[in-house]
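Architecture and fold: a report
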Amino acid sequence: TDPSMYDLGNFVLRTALSETKPLLASKPDFFINVNLSVRQLERPEFHQEVEKILDETKFPAGNLCMELTERRKDFPLDVLKKEVCYFQSLGIRVAMDDYGTGSASSNIVMNVPMNEIKIDMSFIRGIIDNPKNQAMVRSILYFADKSNMTTCLEGVENEELQNYLRDYNATWFQGYYYSKPISLNELVKLMK
C-alpha cells in the first residue's frame, strides 16, 4: 500500500471540509463532494480518520458526499458495501462517479446501496444527435429513480445541452457551462 496516497487523500478531505465549513453559515444546504481513493478504502484506520476529520472541522456529515469512481472494480464488492454502509451510518452520502465508464458500474450499483449516480460525460457528449446515448441515459435515470438514488449528469458544456437535458429529470447537472474549476475565494464571490 502506498502510504503517500492515503495521506494525500486524507489531506484533501480535511482541507475541503475545513475550508468550506464557513460557507455553511450563509448557505446551510451547501454540500461538497470529495473523491475517495482505493488507498483510503483499504485501510481499516480510515474509519477513525473520517470521524476525526468530521470532529476537528465540525463539518456536518450530512453535507458531505464521498465519490467512488467506477474504476474501483477490483475492490471486493462485499468490502465496498461495508464501507459505503459505514459512511452512510455517519450520515455521509455516497455517489458512484463516472458511472458507465466500465463493466463494473451496474454490478456495483445493483449490490451496493449508493445514494447517487453521476453519469459520465461520455454519455452526455453528442447526446442530442445520438439515440443510443439518449436511451442509455434515460434507462440509467429510470433505474436510479426506482432505486431512490439522486442523479447527476456530467459534462454539461453549453446552454443548448442544458435545455435539451431538462426533460430528463436528473437531480443535478455538472459541467463547464456552470463553472470551470475555481478557487475557494472565487467560489465565495460567486455564492454572494
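Note: the structure precedes this text.
Rules used throughout
Residues numbered from 1 in each chain as written. Predicted model: local features only at pLDDT ≥ 70, side-chain atom pairs only at ≥ 80, totals over all residues. Heavy atoms only, no water. Helix = DSSP H or I, 4+ residues; strand = E, 2+ residues; numbered from the N terminus. Buried < 20%, exposed > 50% of the residue type's maximum accessible area, 1.4 Å probe, protein only. Contact = heavy atoms within 4.5 Å. Pairing = 2+ DSSP bridges. Axes fitted to C-alpha atoms, helices over the stretch in contact; angles between N-to-C directions.

1. A short note on unusual backbone geometry
- Backbone geometry places Asn 148, a non-glycine residue, at a positive phi of 60°.
- By the element assignment, Asn 148 lies in the loop between α7 (131-146) and β5 (150-154).
- A positive phi is found at Asn 169, a non-glycine position, where the angle reads about 60°.

2. Things to note about the side chain of Thr 20
- Checked against the element boundaries, Thr 20 lands in helix α1 (residues 3-20).
- The class of Thr 20 is buried, set by a relative accessible area of 6%.
- Once you skip the residues sitting within four places of it in the chain, Thr 20 turns out to touch Phe 30, Ile 32, Phe 59 and Leu 184.

3. Comments concerning the sheet that holds strand β1 (residues 32-35)
- The strand order across the open sheet built from six strands is β1-β2-β3-β4-β5-β6, with neighbouring strands paired in parallel fashion. Of all the strands in the sheet, just β1 and β6 (172-174) have a single pairing partner and so form its edges. Pairs of neighbouring strands in the sheet enclose a mean axial angle of 25°, with direction left out of account.
- As judged from the four bridges shared by strand β4 (residues 116-119) and β5, these two strands associate in the parallel manner. Within β5, the residue paired with Ile 119 across the bridge is Leu 153.

4. Some thoughts on the pairing of β4
- A two-sided burial pattern is seen for β4, the buried positions comprising Glu 116 and Lys 118 on one face and Ile 117 and Ile 119 on the other.
- As judged from the three bridges shared by strand β3 (residues 93-99) and β4, these two strands associate in the parallel manner. Across the sheet, the residue bridging to Met 96 is Ile 117, located in β4.

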